[in-house]
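Examination of the molecular architecture
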Amino acid sequence: MKRIFSGIQPSGGFTLGNYLGAVKNWVALQKDYECIYCIVDLHAITQWQDPQELRANSRLGAATLMAVGIDTRKHIILLQSLVPHHAQLAWVFNCVARVGWMNRMTQFKDKAGKDRESASLGLYAYPSLMAADILLYKATHVPVGEDQKQHVELTRDIAQKFNHDYKVDFFPLTEPLIYGEATRVMSLRDGTKKMSKSDASDYSRINLTDDADTIADKIKKAKTDPHPLPDAPPASDKARAARPEAYNLMGIYAALAETTIDAVAKEHGGKQFSAFKNALTELTVAKLGPVTAEMRRLNADPGAVDAVLREGAERCRTMAEPVLEEVYRIVGFLKP
Ligand code: TYM
């Protein structure tokens, strides 16, 4: 059986990076896999969240997944905090994973910044909870953007060490699925930085809640360089690094149009950025507009979204219960 698990933080709505790097692929994968897509509110509180906003964003996140086309009759949208087994398994994994492994995690270094001493303990242990999310359902494949690859690899290390230490063949070795032309969407203001909801400038990203005028304005102000658009994909990492903004905008275009950077280069190469930006704006608005409208419609009916989340949690609890019970037995917890 092939099972997908993937997650997204509800902090502050979804960006175009989330959409192109992950969520858009999640929709396509429903054909061939049994899928669980999770709003990870436990992960969100590793950094400060206003409680009211967190609740609203969790519901909006679920509405967004419904709006992009996750079919909850066949698959599951899960709100992480509704299934306590995630946190319970994460504790066991905290005792399997090594401090040295966590020290290598680049996301922790990025998010903690210079003042590591005052980062939350949760932010440090974050990958262990992510491993628990995945392995609680024995997921075989995890579709993510580039930035989460290291965490999926750590999940494999945790599964392997657990199996080895307890001499069992219990957890599968999960494969990351990273594909498409936008596995790493960069900031519109700086092509060397990831597009992220935590960037101080709202002009660095396109949000799925942005209206057409806002999208047009952000793309118009996006950083470029003085040359015409490249007429071929970057030949090397060095070539990409020389024109990061140009290749980023072309990658976004390619992913939205469901084509390749090569095809975009053939069609638009040699044009001025202003002309390409108009085409990109038109395409972005055409692709995101219907999703945003549907998301708003669904979000206006909280009862319906909450019902989907309650049902998803119930199905997940049924799957998680026997796995956690078996883990407890394997590690030697007494069940009197
Ligand atoms: P999060 O919420 O940061 O991002 C959700 C998904 O979006 C992808 N992504 C991007 N892809 C391309 N370009 C970007 N600029 C960009 N920004 C974000 C991420 O790679 C991710 O796939 N730890 C995870 C959530 C998580 C999870 C899991 C994922 C919790 N448990 C289990 C998979 C399996 C996170 O914070 O993603």
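Values in this document were obtained by computation on a predicted structure and should not be read as measured data.

**Considerations on the site of the ligand**
Surveying the vicinity of the ligand reveals 27 residues, the closest of which are Gln-9, Tyr-126, Asp-133, Asp-147 and Val-185. One of the backbone nitrogen or oxygen atoms of Gly-17 is found 3.2 Å away from a nitrogen atom of the ligand. When isolated, the ligand has an accessible area of 710 Å², and the protein chains bury 97% of it. In this structure the site holding the ligand corresponds to the largest pocket. Those elements giving two or more residues to the shell around the ligand turn out to be strand S1 (3-8), helix H1 (16-29) and helix H7 (121-136).

**As for the layout of surface pockets**
Approximately 1,200 Å³ is the volume found for the largest pocket. Lining the largest pocket are 46 residues, with Gln-107, Lys-111, Asp-147, Gln-148 and Lys-194 positioned closest to its centre. Going through the elements one at a time, S1, H1, helix H2 (41-44), helix H3 (51-68), helix H6 (106-112), H7 and strand S4 (141-143) are the ones with two or more residues in the lining of the largest pocket. Tallying contributions element by element places H1 first for the lining of the largest pocket, with five residues. Residue classes in the lining of the largest pocket are distributed as 14 nonpolar, 22 polar and ten charged. In this structure, the second largest pocket occupies an estimated 310 Å³ of space. Only helix H10 (237-242) and helix H11 (244-257) provide two or more residues apiece to the lining of the second largest pocket. When residues of the lining of the second largest pocket are assigned to their parent elements, the largest contribution, five residues, is made by H11. Partitioned by chemical class, the residues of the lining of the second largest pocket number eight nonpolar, six polar and four charged.

**Examining the domain arrangement of the chain**
Structurally, the chain comprises domain 1 (3-178 + 302-331) and domain 2 (202-297). Contact with domain 1, which involves eleven residues of that partner, is made by 13 residues of domain 2. Summing both sides of the interface, domain 1 and domain 2 together bury roughly 1,100 Å²; the carbon and sulfur share of this comes to 78%. Counting every contact that joins domain 1 to domain 2 gives one salt bridge. Across the pair Lys-24 and Glu-258 runs a salt bridge, and its minimum N-O distance is 3.0 Å. In this structure, the connection of domain 1 to domain 2 is made through four residue pairs in polar contact (both at pLDDT 80 or more). Elements with a contribution of two residues or more to the side of domain 1 that touches domain 2: H1 and H3. Ranked by residue count, the leading element in the side of domain 1 that touches domain 2 is H3, at five residues.

So, how was this worked out
Residues numbered from 1 in each chain as written. Predicted model: local features only at pLDDT ≥ 70, side-chain atom pairs only at ≥ 80, totals over all residues. Heavy atoms only, no water. Near = heavy atom within 4 Å. Polar contact = N/O pair within 3.5 Å; in protein donor to acceptor, adjacent residues only side chain to side chain. Areas by Shrake-Rupley, 256 points an atom, 1.4 Å probe, with all protein chains shown as cover. 1 Å grid on protein atoms, 1.4 Å probe; cavity = no way out; pocket = protein on both sides within 12 Å on 5 of 7 lines; lining within 4 Å. Sits in = over half its atoms within 2 Å of the grid points. Helix = DSSP H or I, 4+ residues; strand = E, 2+ residues; numbered from the N terminus. Points joined across faces, edges and corners; volume = space filled by probe spheres on them. Nonpolar A, V, L, I, M, F, W, Y, C, P; charged D, E, K, R; others polar. Domains from an automatic or database assignment. Contact = heavy atoms within 4.5 Å. Buried area = accessible area lost by both parts, 1.4 Å probe. Salt bridge = Lys/Arg side-chain N within 4 Å of Asp/Glu carboxyl O.

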